[in-house]
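# Residue-level structural notes
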There are 2 protein chains.
Amino acid sequence: MPHDSRTPIPPARPRRADARRNYDRILAAATAAIAEQGADASLEEIARRAGVGSATLHRHFPSRQRLLEAVFRDKVEALCATAHDLATDPEPGQALVTWLRAVARHASSNRGLAASLIQGAQDGDPALGDTCHDLIVNAGRELLDRACQAGAVRPGISISELLKLVNAISLATEHEPDAADQADRLLDLAVSGVRPA
Amino acid sequence: MPHDSRTPIPPARPRRADARRNYDRILAAATAAIAEQGADASLEEIARRAGVGSATLHRHFPSRQRLLEAVFRDKVEALCATAHDLATDPEPGQALVTWLRAVARHASSNRGLAASLIQGAQDGDPALGDTCHDLIVNAGRELLDRACQAGAVRPGISISELLKLVNAISLATEHEPDAADQADRLLDLAVSGVRPA
DNA sequence: TACGATATGGAGGGCCACCCCGTTTTCGCA
DNA sequence: TGCGAAAACGGGGTGGCCCTCCATATCGTA
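Quick summary incoming for the structure in this document. Since we're looking at a predicted model, the values are computed, not measured. (Residues numbered from 1 in each chain as written. Chains lettered and ligands numbered in written order. Predicted model: local features only at pLDDT ≥ 70, side-chain atom pairs only at ≥ 80, totals over all residues. Heavy atoms only, no water.)

This part covers the packing of helix H5 (residues 92–109) of chain A against helix H8 (residues 159–173) of chain A. Residues and elements named next belong to chain A. At a minimum axis separation of 9 Å, H5 and H8 run at an interaxial angle of 35 degrees. Along this stretch, H5 crosses H8, giving a crossing that reads as right-handed. Counting all contacts with H5, which are made through Leu-96, Trp-99, Leu-100, Val-103, Ala-104 and Ala-107, the residues of H8 involved are Leu-162, Leu-163, Val-166, Asn-167 and Ser-170. Residues belonging to the contact of H5 with H8 are distributed by class as follows: nine nonpolar, two polar and no charged. (Axes fitted to C-alpha atoms, helices over the stretch in contact; angles between N-to-C directions. Helix = DSSP H or I, 4+ residues; strand = E, 2+ residues; numbered from the N terminus. Left-handed = near helix turned anticlockwise from the far one by under 90°. Contact = heavy atoms within 4.5 Å. Nonpolar A, V, L, I, M, F, W, Y, C, P; charged D, E, K, R; others polar.)

This is the structure in structure tokens:
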């Protein structure tokens, strides 16, 4: 973990009590709104729900992506922890697949997560330090490398590709009523391939 | 083809000359704008470019999805024709994969197409008659059935899933500089599966 | 308590989708 | 050819969104 963890992501320096309070309120409101409406929930409504002015929201989170990063931070860290646990699994190939399924499951039950990860992959904002996207890619790389060395995975596959695929699936199924099922089926399809064994 | 083709999609009845003229102008402007900016291009700007009022655009195309349907109609029909040609290919499995690649290629070179197809899958507007989504699903079904009967494809895979996967890939890679390459690689990954042969 | 640094939020600008309704254009028919 | 009704148009209004400015309020401390 490249950054000196202790506080989450934006804890530049000692902040005033009201600032921290508003930060927390915004985060809570954003979490709720994004769960209901997805990654493109209205920032104004989030501010309204949090009981702050929209300027305050924008001061704490200069971009939508920053807000998403903060909202999903702990979910992503949980996935990284899962990856770490699976890294000693006796069956590296199975471990990788299990983890990819866990990623998809998280994305299905946390609207906006997939969008956030894909988005994070695309703009590679250097001011963001360790983004959720970076964290999860690094966590997954371990699993993929082990699976590859064990011969359980075709060579030439990168972890970025694999995760992009998983997130693409989650994103495309997010609006369906049976999102989790569909995502699961599509992931299975992608992992097993189209042709028969 | 369930609907009595002759005129494109919305030609309810004899329209006045100016109406048809504006319709065509809007379609041309939309095609250009969507190619540049993707499926969420500004409708107002499209109207502006077409030299019509925004009300006129909304009258001809009551929803964004309708506009997308019209813009991509011929591309989709071309894909359906390709499917038809491939339906007599001596290698059904290969034919299916070739066609899926063609779908991905079209999506890469026609920004917004994937979004339109996925969106069309989701709202299943009954007032739309044969949507692009329906057309392409029906065209693909033939290919999948043949491939399945030939034993070239695992059973239990539906054409909807397969196309959703392809479109998800296209959508997720659309904003990357090397979109077509990435889409190709991801599709290959999905078709071949993760495990070694 | 008083002061400077920090944080706030209402107001406003620019953009957008969508609709209302007075005006203009078209076209069939006399 | 000319006319009147039906069809189509589009300016402008409404409300929403994102984002910024800056006058004001709050906090922490000397």
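In this section: the protein's contact with DNA strand D. As a structural note, the neighbourhood of DNA strand D is formed by 24 residues, with Arg-16, Leu-43 and Arg-64 of chain A together with Arg-16 and Asn-22 of chain B the closest of them. Here DNA strand D approaches the protein such that, of its atoms within 4 Å, sugar and phosphate make up 57%. For DNA strand D, a phosphate oxygen lies 2.9 Å from a polar atom in the backbone of Leu-43 of chain A. Within the side chain of Asn-22 of chain B, a nitrogen or oxygen atom sits 2.5 Å from a phosphate oxygen of DNA strand D. Elements supplying a minimum of two residues to the surface near DNA strand D: helix H1 (17–37), helix H2 (43–50) and helix H3 (54–60) of chain A together with helix H1 (17–37) and helix H3 (54–60) of chain B. Residue contributions to the surface near DNA strand D peak at five residues, all from H3 of chain B. (Near = heavy atom within 4 Å. Polar contact = N/O pair within 3.5 Å; in protein donor to acceptor, adjacent residues only side chain to side chain.)

Next up on the list: the protein's contact with DNA strand C. In the region of DNA strand C, 24 residues are neighbours, and Arg-16, Asn-22 and Arg-59 of chain A together with Arg-16 and Arg-64 of chain B sit closest. Put simply, 64% of the atoms of DNA strand C that lie within 4 Å of the protein are in sugar or phosphate. Among the elements of the structure, H1 and H3 of chain A together with H1, helix H2 (43–50) and H3 of chain B are those that each provide at least two residues to the surface near DNA strand C. In terms of residues, the surface near DNA strand C owes the most to one element, H3 of chain A, which gives four residues. When its residues are assigned to classes, the surface near DNA strand C shows seven nonpolar, seven polar and 10 charged.

With that settled, the discussion passes to the packing of H8 of chain A against helix H9 (residues 179–192) of chain B. Contact geometry for H8 of chain A and H9 of chain B: axes closest at 10 Å, N-to-C directions at 80 degrees. With respect to H9 of chain B, the axis of H8 of chain A lies roughly perpendicular. Contact residues: H8 of chain A offers Glu-161, Leu-162, Lys-164 and Leu-165 of chain A, while H9 of chain B offers Gln-182, Arg-185, Leu-186 and Leu-189 of chain B. Its residues placed into classes, the contact of H8 of chain A with H9 of chain B shows four nonpolar, one polar and three charged. (Parallel < 35°, antiparallel > 145°, perpendicular 65-115°, else oblique.)

Now for the layout of surface pockets. Here the largest pocket is characterised by a volume of approximately 1100 Å³. Lining the largest pocket are 32 residues, and of these Asp-40 and Leu-171 of chain A together with Asp-40, Ala-115 and Leu-171 of chain B lie nearest its centre. When contributions to the lining of the largest pocket are tallied by element, the ones reaching two or more residues are helix H4 (64–86), helix H6 (113–123) and H8 of chain A together with helix H4 (64–86), helix H6 (113–123) and helix H8 (159–173) of chain B. When its residues are assigned to classes, the lining of the largest pocket shows 12 nonpolar, 14 polar and six charged. (1 Å grid on protein atoms, 1.4 Å probe; cavity = no way out; pocket = protein on both sides within 12 Å on 5 of 7 lines; lining within 4 Å. Points joined across faces, edges and corners; volume = space filled by probe spheres on them.)

At the junction of the two partners, chain B supplies 31 residues and chain A supplies 31 residues. Overall, the association of chain B and chain A removes approximately 3100 Å² of surface from exposure, summing both partners, and the carbon and sulfur fraction of that is 58%. When residues of chain B are sorted by the area they lose upon contact with chain A, Arg-154, Val-194 and Arg-195 of chain B head the list and together hold 22% of the total. Linking chain B with chain A are four salt bridges, by the criterion used here. Here Glu-161 of chain A and Arg-185 of chain B are joined by a salt bridge, their closest N and O atoms 2.4 Å apart. Our enumeration of links across chain B and chain A arrives at 14 residue pairs in polar contact (both at pLDDT 80 or more). The set of elements that each furnish at least two residues to the side of chain B that touches chain A consists of H6, H8 and H9 of chain B. Of the residues contributing to the side of chain B that touches chain A, the split by class is 16 nonpolar, eight polar and seven charged. (Buried area = accessible area lost by both parts, 1.4 Å probe. Salt bridge = Lys/Arg side-chain N within 4 Å of Asp/Glu carboxyl O.)

For the rest of this paragraph, the subject is the packing of aromatic side chains. For the coordinates displayed, the defined rule picks out two aromatic pairs over all chains. We note Arg-15 of chain A situated over the ring of Tyr-23 of chain A; from NZ or CZ to the ring centre the distance is 4.7 Å. (Phe/Tyr/Trp six-rings, centres within 6.5 Å; stacked < 30°, edge-to-face > 60°. Lys NZ or Arg CZ within 6 Å of the ring centre and 35° of its normal.)

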